[in-house]
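# Chains, contacts and geometry: an overview
The lines below spell out each chain.
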Amino acid sequence: MGRGRAKAKQTKVARQLKYTNHNIDYDRLREELGADAGRDEVRPATASEQESERAQ
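Residues numbered from 1 in each chain as written. Predicted model: local features only at pLDDT ≥ 70, side-chain atom pairs only at ≥ 80, totals over all residues. Heavy atoms only, no water.

A count of helices and strands for the chain gives three helices and zero strands. In sequence order, the secondary structure elements of the chain are arranged as α-α-α. A total of 56 residues make up the chain; the buried ones form 0% of that total. For the chain, the exposed surface amounts to about 5,900 Å²; the carbon and sulfur share of it is 50%. (Helix = DSSP H or I, 4+ residues; strand = E, 2+ residues; numbered from the N terminus. Buried < 20%, exposed > 50% of the residue type's maximum accessible area, 1.4 Å probe, protein only. Areas by Shrake-Rupley, 256 points an atom, 1.4 Å probe, with all protein chains shown as cover.)

Structure below.
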């Protein structure tokens, strides 16, 4: 017993997080994470590359 108040507070916080408008500047976030710079380096392996890796 005694969990009612804690659960009510958790529910209130969860509701606030769900329905509050979060203004996120995605361009600034992308710059901070360096997503544009590393885009060329990361690419999926082709089928022939996957086969050569399995052979090793």
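As enumerated under the stated definition, the model contains two salt bridges in all. One salt bridge connects Arg-30 with Asp-27, and the closest N-O pair in it is separated by 3.0 Å. Taken together, the positions of Arg-30 and Asp-27, both in helix α2 (residues 26-33) and three residues apart, correspond to about one turn of that helix. For Glu-32, the salt bridge identified is with Arg-28, shortest N-O distance 3.3 Å. Of this pair, Glu-32 and Arg-28 both sit in helix α2, separated by four residues, roughly a single helical turn. Of the two residues, Glu-32 and Arg-28, neither departs from the other in class, the shared state being exposed. (Salt bridge = Lys/Arg side-chain N within 4 Å of Asp/Glu carboxyl O.)

Taken together, the side chains of Ile-24, Tyr-26, Leu-29 and Leu-33 define a hydrophobic patch exposed on the protein surface, amounting to about 430 Å² of accessible area. Following the sequence through the fold, Leu-33 ends up in helix α2. Leu-33 gets classed as exposed once you look at its relative accessible area, which sits at 65%. (Patch = residues over 30% accessible without salt bridge, like charges linked within 9 Å, V, L, I, M, F, W, Y side chains within 5 Å.)

Next up on the list: α2. α2 sits mainly on the outside: zero of its eight residues count as buried. Two residues or fewer after α2 comes Gly-34, characterised by a positive phi angle close to 70 degrees.

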